[in-house]
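Observations on chain architecture
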Amino acid sequence: MTVSKNPRSILNLDIDAFIAKARIIIHEVFQNKKILSVPDFKKTAANDQDYITKPLTPLYAWAGGKRRLIKSYKSYMPDFKKIKYYAEPFFGAGAMFCEVFNNQRENIKSFHLNDINREIINLLKTIKNNSECFIEELHAIEERNHYKTIDGQKHFYYRMREEYRSLTIGYEFSVKGTAMFYFLLSQMFRGIYTEKNGRINSSFQINKKGFDYENIKNWSVALQRAVITCGSYEKVRVNKDTLLFCDPPYRDCTIMYSTAFDDEEQKKCYSWVQEKVEEKKAVGMLCNKNLNDGFFSSLPTTTESEHINIQYSHTKARVGANRNIVELLMVFKEKIAVPVLKAA
């Protein structure tokens, strides 16, 4: 059957016939490897039938994540017509990656996503390379989790956490183990990731939304353009014309990360970002918390730098804690040599 060239003929059909006709047309279009025009956020990816159906959002909540701060960062972002690569050495939950991918991916050749947390990096690789089996395992977990009350959900969470932590070494990186980890990650208390003996040990908080399978599928498509690595930020490759976004553990952070990040590490990271900006003509963005002790302003600067204070309210702070936070955003750009005019 050929696709009708007379759109008016469809208008004469009743609703059931119209739907049937539309299905046939859509099927024929896909069979002939053609894509209908779609909104800007829908772009072809791995093949003609894979495209982004809605803007990416972080896969899970993350304490210290940048989702609420993105709007404040936008005015300090570079001209993306001059940016070819994106690198994020401290991935966390990837709110900035979502922002750049959703709005600037036509300008970006590739993305480099890195974190020192092996479980999170394994999650990204599994979604990238084996999303269908991963989603099947998530459905299996949902079938097991038939509890309706909060107490029942809590009981299931801690039972699943114990099962995951008891897995044979290496099995936590299987598709089934990764799905178990993602279930725990999606319901951890206030997005606070803690670990014990190398595996997640976070507390429970109810997640009424469940799994967003559409978002997971979109992430699978998006990650086809990403290099995903696990290790120190210093091993992240920075190409020429890269936006290098660094969000390390904050100086006063009490959350248990995979590794310590004291003031000496903060100094090393500050220096490393500037080094990459100078070497690769990159643009560096480094986040931290302003403790009003002049720590970062006292460090040597070898690039064109700008320190911006951004105030916001931490809605998830514990009772009695100071909810007013001053975020410090540091932007680094290559120094432009000013020509010296010689007297005639």
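Model, not experiment: these values are computed from the prediction.

What follows deals with helix H6 (residues 131-144). Its 14 residues give H6 an end-to-end C-alpha distance of 20 Å, which sits within 8% of 20 Å, the value for a rise of 1.5 Å per residue. Residues of H6 that are buried: Ser131, Phe134, Ile135, Leu138 and Ile141. Seen end-on, H6 carries its buried residues on one side only, within an arc spanning 110 degrees. Facing away from the buried side of H6, by more than 90 degrees, are the exposed residues Glu132, Glu136 and Glu143.

Most of strand E2 (residues 110-115) is tucked away, with 5 of its 6 residues classed as buried. Here 4 bridges tie strand E1 (residues 85-88) to E2, and the two strands are oriented parallel to one another. The residue bridging Tyr85 from the neighbouring strand is Ser110, located in E2. After leaving E1, the chain enters helix H4 (residues 95-104) and then returns to the sheet as E2, a path that is right-handed. Note that E2 and strand E5 (residues 226-230) share 5 bridges and pair parallel. When the sheet's bridge partners are listed, Asn114 is paired in E5 with Thr229.

Quick look at unusual backbone geometry now. The phi angle at Asp241 is positive, at roughly 65 degrees, despite the residue not being glycine. By secondary structure assignment, the location of Asp241 is in the loop between E5 and strand E6 (242-246). Residue classification places Asp241 among the buried residues on the basis of a relative accessible area of 16%. A positive phi angle is found at Asn292, which is not glycine, with a value near 60 degrees. Of note, Asn292 is situated in the loop between strand E7 (283-289) and strand E8 (304-313).

This part takes up the nonpolar core. Proteins that are soluble and globular tend to have nonpolar side chains buried together. Formed by 66 residues in total, the largest nonpolar core has its most connected members in Tyr60, Tyr73, Tyr86, Phe97 and Trp219. Per-element accounting of this core gives the leading share, 7 residues, to helix H8 (residues 175-186). In this structure Tyr60 touches Arg67, Phe91, Gly92, Ala93, Ile120, Leu123, Tyr182 and Leu185, once residues within four positions along its chain are discounted. Counting residues in hydrophobic clusters, the runner-up holds 21 residues, among them Leu244, Val277, Ala282 and Phe332.

It is worth spelling out the pattern of salt bridges at this point. Counting across every chain of the model gives 9 salt bridges. One salt bridge connects Glu214 with Lys54, and the closest N-O pair in it is separated by 3.9 Å. Note that Glu214 is positioned in helix H9 (residues 213-222) and Lys54 in the loop between helix H2 (15-31) and helix H3 (70-73), a separation of 160 residues in sequence. Under the relative-accessibility criterion, Lys54 is labelled partly exposed at 25%. A salt bridge links Lys276 to Glu279; the shortest N-O distance between them is 3.8 Å. Taken as a pair, Lys276 and Glu279 lie in helix H10 (residues 263-280) at a separation of 3 residues, close to a single helical turn.

All right, on to the packing of helix H5 (residues 118-129) against H8 then. The angle between the axes and the distance between the axes are what describe a pair of packed helices. Where H5 contacts H8, the two axes come as close as 10 Å, and the packing angle between them is 115 degrees. Considering only the axes of H5 and H8, their crossing is left-handed. Contacts from Glu119, Ile120, Asn122, Leu123 and Thr126 of H5 reach H8 at Val175, Thr178, Phe181, Tyr182 and Leu185. Residue classes in the contact of H5 with H8 are distributed as 6 nonpolar, 3 polar and 1 charged.

A complete count under the given rule lists 21 aromatic pairs for this structure. Seen in terms of ring centroids, Phe97 and Trp219 are 5.4 Å apart; in terms of plane orientation they differ by 50 degrees. Their pairing is tilted. In this pair, Phe97 sits in helix H4 while Trp219 sits in helix H9, placing the two residues 122 residues apart along the sequence. Judged on exposure class, the residue Phe97 and its partner Trp219 are both buried.

Conventions we followed
Residues numbered from 1 in each chain as written. Predicted model: local features only at pLDDT ≥ 70, side-chain atom pairs only at ≥ 80, totals over all residues. Heavy atoms only, no water. Helix = DSSP H or I, 4+ residues; strand = E, 2+ residues; numbered from the N terminus. Expected span 1.5 Å × (residues − 1). Buried < 20%, exposed > 50% of the residue type's maximum accessible area, 1.4 Å probe, protein only. Arc of directions from axis to C-beta. Pairing = 2+ DSSP bridges. Right-handed = clockwise from strand over helix to strand, strands pointing away. Core = buried A, V, L, I, M, F, W, Y, C linked by side-chain atoms within 4.5 Å. Contact = heavy atoms within 4.5 Å. Salt bridge = Lys/Arg side-chain N within 4 Å of Asp/Glu carboxyl O. Axes fitted to C-alpha atoms, helices over the stretch in contact; angles between N-to-C directions. Left-handed = near helix turned anticlockwise from the far one by under 90°. Nonpolar A, V, L, I, M, F, W, Y, C, P; charged D, E, K, R; others polar. Phe/Tyr/Trp six-rings, centres within 6.5 Å; stacked < 30°, edge-to-face > 60°.

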